[in-house]
There are 2 protein chains.
Amino acid sequence: MSLLVVGTVAFDAIETPFGKTDKIIGGAATYISHAAAYHTGDIQLVSVVGDDFPEDAIKSMERNGVNTEGLQIKQGEKSFFWSGRYHNDMNSRDTLVTELNVLENFDPVLPESYKTADYVLLGNLTPAVQIRVLEQMKERPKLIAMDTMNFWMDVAMDDLKKAIAMIDVLTINDEEARQLSGEYSLVKAAKKILEMGPSYLVIKKGEHGALLFDQNGHVFFAPALPLEEVFDPTGAGDSFAGGFMGYIAATGDTSFENLKRAIIVGSAMASFTVEKFGVERLKGLSDVEVDARIQKFVDLVQFEIDLTTA
Amino acid sequence: MSLLVVGTVAFDAIETPFGKTDKIIGGAATYISHAAAYHTGDIQLVSVVGDDFPEDAIKSMERNGVNTEGLQIKQGEKSFFWSGRYHNDMNSRDTLVTELNVLENFDPVLPESYKTADYVLLGNLTPAVQIRVLEQMKERPKLIAMDTMNFWMDVAMDDLKKAIAMIDVLTINDEEARQLSGEYSLVKAAKKILEMGPSYLVIKKGEHGALLFDQNGHVFFAPALPLEEVFDPTGAGDSFAGGFMGYIAATGDTSFENLKRAIIVGSAMASFTVEKFGVERLKGLSDVEVDARIQKFVDLVQFEIDLTTA
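Residues numbered from 1 in each chain as written. Chains lettered and ligands numbered in written order. Predicted model: local features only at pLDDT ≥ 70, side-chain atom pairs only at ≥ 80, totals over all residues. Heavy atoms only, no water.

A.B. asks: Just checking my understanding: could you explain the sheet that holds strand β1 (residues 3–6) of chain B for this structure?
C.D. replies: Whether parallel or antiparallel, the strands of a sheet pair through hydrogen bonds between backbone atoms. Residues and elements named next belong to chain B. With respect to topology, nine strands assemble into an open sheet ordered β6-β5-β1-β9-β10-β11-β12-β13-β14, the strand pairing being mixed. The sheet terminates laterally at β6 (66–74) and β14 (219–222), the two strands that pair on one side only. Recorded for the sheet is a direction-independent mean angle of 15° between the axes of neighbouring strands. (Pairing = 2+ DSSP bridges. Helix = DSSP H or I, 4+ residues; strand = E, 2+ residues; numbered from the N terminus. Axes fitted to C-alpha atoms, helices over the stretch in contact; angles between N-to-C directions.)

Structure below.
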């Protein structure tokens, strides 16, 4: 079923302890689309780039089954650019450059064919832009997921809360969950955030995995795969979200049991992304590779135990 | 089967954001014994206290099935005392007081009946003391587990490496694994540490769970239970180790599959400990409570997924 993806398509320049890149193709929607496209063939992209963005990169997305009718190309303007340097632990980074460029006045316009999308994934953007996307939908999608970040909690909390009330799944990291709820305990934070509207909350903990909460007190935990080397963590969270929603769109099942599977699939896609710069590792993944990776998650956590009082 | 436990029996005074205690009964071997005693009835304790240690507390251990013949009571001396204050995040703490007292010259002497114990758990102590315990064993135990800490890596690395070469399971935290191996990646760290001798390595990550590695590249991950409130983290790691070895001693099975179960049981015991001060919560746990807690771990991580290429 169709998956509408809204988010940045951009240039990144990345430095890690293992190497550095010149400007490469990045942006949340780029990672999301590549990770989701592995699972579902009907992806509708809403984003904006400048005329400096290579046509090759757009063609590459289209070949992957991504509809780019909703990708605006602003003549005479430049694409969003982010540059950062990771510290030795790979868990923290300094932003060196942020040039908003085309993103500054981004007004998302949905082509007619997008307005009845079955599933929607709102990548991290100004909450007002996320709301404007949802307002253009003709039918309530089966499931709307949204990513956001602490910055919007600092500068646009009212809009953010309005957006959160419109969606089904919020994905944020642990520090953001604490900031949004004012609770240190993630269990308490989840309760408060689920009272704001969403049916499900995903708390991303980076190398420490991800938690899925629903409104009935169910909790599911997916670990991150222990890797010999994290080459470049950029885009891991977006690849996770893309794999998660791609799997849900492919299966058309929004039950808690299926969301658990989707979290594992998302974690698997993220584990590929961090092995190389950019979306290089996500391109051309084979079914055998993806299945073998998912099996690693099965092996990592599954156990059988007899309860004495059962 | 019998489980020999070596470690501190002591007084603690604890401050958390939720409250503070006067001197209460603490020490690694206290937590280990209580957590292990739930699972197996034949625990042999080796430790030392001063004549200030309450007889009631010793009697309470004996009623729990702990043999205290190897607990030395030093007349005219004082018990080991530790006092600490936890920060608001409960993940870090300041040590306020450390009085070694009887621990300073602790010479562990094994009663004859201990020298053929089936299983051994060496709590965190001077590596030389841990070695002296093993040297008194008449038969090679079926499994020897050992806990240690960064302090011994700083001041007694040679002894520590000698001890590590004598054991089967090393349990340390993530920072200690990095320090011991010189590797940041826990997967690489595990490989290096397993080359030092042990068959298994358990890396404890506190609220982020625990990893079990073997020498054949197998990895198992157990999450910590997401709790509404961590009341007092003191003793969580020791309760984990006690539940882990108590379960192995009770089942008499040292396979990787059974060590996975033991890790879950240890995590369950730790999740009880942090709910109250000291060993209060571990005392008098019912089978129904423990089974319900283990079931929470099952629910937290279990999922079923069909692989496309399977």
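A.B. asks: How should the relation of the copies chain B and chain A be read in this particular structure?
C.D. replies: Two chain copies, one operation linking them: a rotation about an axis together with a shift along it. With an axial shift of 0.0 Å and an RMSD of 0.0 Å, the rotation relating chain B to chain A amounts to 180°. Given the turn and translation reported, the copies of this chain are related as if by a two-fold rotation axis. The overlap is high: 100% of the interface residues of chain B also sit at the interface in chain A, so the same surface is used on both sides. (Least-squares fit on C-alpha atoms with pLDDT ≥ 70 in both. Contact = heavy atoms within 4.5 Å.)

A.B. asks: I'm lost on the sheet that holds strand β10 (residues 143–147) of chain A in this one. Help?
C.D. replies: Residues and elements named next belong to chain A. Strand order in the open sheet made by the nine strands is β6-β5-β1-β9-β10-β11-β12-β13-β14, with mixed pairing throughout. The strands lining the two open edges of the sheet, one partner per strand, are β6 (66–74) and β14 (219–222). Put simply, the sheet's adjacent strands are angled 15° from each other on average, direction ignored. Set on the sheet, helix α1 (residues 28–37) makes contact with β1 (3–6), β5 (43–50), β6 and β9 (119–122); between it and β5 the angle comes to about 155°. Set on the sheet, helix α6 (residues 174–181) makes contact with β11 (169–173) and β12 (200–204); between it and β11 the angle comes to about 110°.

A.B. asks: Explanation requested: the interface of chain B and chain A in the structure shown.
C.D. replies: Where the parts come together, the accessible area they lose is often given as the size of the interface. Residue-level contacts link 43 residues of chain B with 43 residues of chain A. For the chain B and chain A pair, buried surface summed over both sides reaches about 3,900 Å², with 57% attributable to carbon and sulfur atoms. Linking E229(A) and K188(B) is a salt bridge whose minimum nitrogen-to-oxygen distance equals 2.8 Å. Between chain B and chain A we count 16 residue pairs in polar contact (both at pLDDT 80 or more) in total. Elements with a contribution of two residues or more to the side of chain B that touches chain A: α7 (186–194), β14, α9 (256–273) and α10 (287–301) of chain B. Examining the composition of the side of chain B that touches chain A, we find that ten residues originate from one element, α10(B), more than from any other. Per-class residue counts for the side of chain B that touches chain A are 22 nonpolar, seven polar and 14 charged. (Buried area = accessible area lost by both parts, 1.4 Å probe. Salt bridge = Lys/Arg side-chain N within 4 Å of Asp/Glu carboxyl O. Polar contact = N/O pair within 3.5 Å; in protein donor to acceptor, adjacent residues only side chain to side chain. Nonpolar A, V, L, I, M, F, W, Y, C, P; charged D, E, K, R; others polar.)

A.B. asks: Can you walk me through helix α10 (residues 287–301) of chain A in this structure?
C.D. replies: Helical geometry note: an α-helix holds 3.6 residues per turn, so side chains three or four residues apart project in the same direction. The terminal C-alpha atoms of α10(A), which comprises 15 residues, lie 22 Å apart, in line with the 21 Å expected from a rise of 1.5 Å per residue. In this structure, the buried residues of α10(A) make contact with α9 (256–273) of chain A together with β14 and α10 of chain B. (Expected span 1.5 Å × (residues − 1).)

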